[in-house]
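Results of the structural survey
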Amino acid sequence: MSTGKIAVQRLSDTIAHELERRILEGALKPGDRLQPERELAVELGVSRPSLREAIQKLVSKGLLHSRQGGGTWVTDRLDAGFTDPWGEMLRQHPNLQADLLEFRGMLESEAAALAARRATDADLARIGEAYAKVEALFAEGPSATVFEEQVKADLAFHQAIAEAAHNVMFGHLTASLFRVTHENIDLNLRHLRRLDNDWLELRDQHAAIWNAVKSRNPQAAQAAVRRHIAFVEESMLARAQHEERESRALRGRKPAGVT
């Protein structure tokens with residue numbers, strides 16, 4: 001029989017819910033460190049004991065982890081179930097890469113269209129900063145000295161657009177896909193470094209995506225991403241063919257009888 005009493009939510013549950021929301025929406029990303037306890041308690045307007053209890057709840061869920069004397073960090077628990085098996089599967093079954101790239105094209109093109117519709121001024125500022133970094137690094141050309149930074153900037157630009165779609169699934173799925181395909185993206189860019197015209201084409205594609213999003217043109221944004229993914233697919237095929245030719249050449253140089 002109901003007593004008619006209304007359950008009162010514990011303050012720590014309310015705090016945990018707020019922190020969980022920030023993780024879901026991408027304001028707190030995997031690898032981010034939470035603000036110092038004192039600062040975060042002031043920001044949220046709560047006591048430190050209640051904040052500690054809330055953090056412990058999220059640690060128990062696997063969304064946060066604490067390091068002795070080193071603060072509290074956001075884990076990749078939301079994405080780990082997706083990324084853990086797929087990274088190894090892609091290495092063992094290269095033919096899956098085309099399927100994953102096709103899925104990435106559908107996901108990113110729709111995310112770009114939504115970003116063109118929904119991006120706030122703050123979103124556009126973040127995307128603009130990400131694009132400026134991409135352009136500055138890629139303007140240095142296919143340089144080995146900045147290559148790793150170019151890869152990171154490229155991924156950060158696409159991720160900023162996905163988050164501007166204001167759909168938590170787009171943000172998390174895109175981040176997961178980039179973790180899975182990071183090795184492949186790295187190899188494709190290494191291949192494109194050898195080809196000046198292709199490197200310039202890549203820069204033009206980034207510019208087209210950014211211009212379409214900031215102009216709030218969903219159709220152009222979608223088309224620009226599809227063009228980019230098609231170009232990546234062509235690059236992936238060209239790289240595979242190049243590696244096969246090199247492999248054949250090496251086999252042809254071996255003395256007779258050597259295996």
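For the structure, see preceding data.
Residues numbered from 1 in each chain as written. Predicted model: local features only at pLDDT ≥ 70, side-chain atom pairs only at ≥ 80, totals over all residues. Heavy atoms only, no water.

A short note on the overall build of the protein chain
- Helices and strands together make up the secondary structure of the protein chain, namely 10 helices and 2 strands.
- Starting at the N terminus, the α and β elements of the protein chain follow one another as α-α-α-β-β-α-α-α-α-α-α-α.
- When each of the 259 residues of the protein chain is scored for burial, the buried share is 42%.
- Partitioning the intrachain contacts of the protein chain with sequence separation of at least 6 by distance along the chain shows that 70% fall at a separation of at least 24.
- Carbon and sulfur atoms form 54% of the exposed surface of the protein chain, whose accessible area is close to 14,700 Å². (Helix = DSSP H or I, 4+ residues; strand = E, 2+ residues; numbered from the N terminus. Buried < 20%, exposed > 50% of the residue type's maximum accessible area, 1.4 Å probe, protein only. Contact = heavy atoms within 4.5 Å. Areas by Shrake-Rupley, 256 points an atom, 1.4 Å probe, with all protein chains shown as cover.)

Observations regarding the layout of surface pockets
- Each pocket or cavity is described by its volume, and for the largest pocket that value is around 820 Å³.
- In this structure, the largest pocket is lined by 27 residues; those nearest its centre are K29, Q159, A160, E163 and A175.
- Listing elements by their share of the lining of the largest pocket, those giving two or more residues are helix 1 (11-25), helix 6 (121-138), helix 7 (147-163) and helix 8 (168-192). (1 Å grid on protein atoms, 1.4 Å probe; cavity = no way out; pocket = protein on both sides within 12 Å on 5 of 7 lines; lining within 4 Å. Points joined across faces, edges and corners; volume = space filled by probe spheres on them.)

Description of the environment of E135
- Inspection of the secondary structure puts E135 in helix 6.
- Sequence spacing of E135 and D154 is 19 residues, and the spatial spacing of their C-alpha atoms is 9.2 Å.

Things to note about the pattern of salt bridges
- Counted by the stated rule, this structure contains 13 salt bridges.
- The residue E18 makes a salt bridge to R22 at a minimum N-O spacing of 2.8 Å. Of this pair, E18 and R22 both sit in helix 1, 4 residues apart, roughly one helical turn.
- Taking the relative accessible area as the measure of exposure, E18 reaches 22% and is therefore partly exposed.
- For R22, a relative accessible area of 17% translates into the label buried.
- For R203, the salt bridge identified is with E135, shortest N-O distance 2.4 Å. Of this pair, R203 sits in helix 9 (residues 196-214) while E135 sits in helix 6, and the two are 68 residues apart along the sequence.
- Three or more residues are tied together by salt bridges with common partners; here these are E18, R21, R22 and E43. (Salt bridge = Lys/Arg side-chain N within 4 Å of Asp/Glu carboxyl O.)

Quick look at the nonpolar core
- Core analysis: the biggest nonpolar cluster contains 38 residues, and I127, F157, I161 and L189 have the highest contact counts within it.
- Broken down by secondary-structure element, the contributors of at least two residues to this core are helix 5 (96-118), helix 6, helix 7, helix 8, helix 9 and helix 10 (218-253).
- Discounting residues that sit within four places of it in the chain, I161 has contacts with A111, A112, A115, I127 and I209.
- I15, A16, L63 and L64 belong to the second largest nonpolar core, which has 16 residues in total. (Core = buried A, V, L, I, M, F, W, Y, C linked by side-chain atoms within 4.5 Å.)

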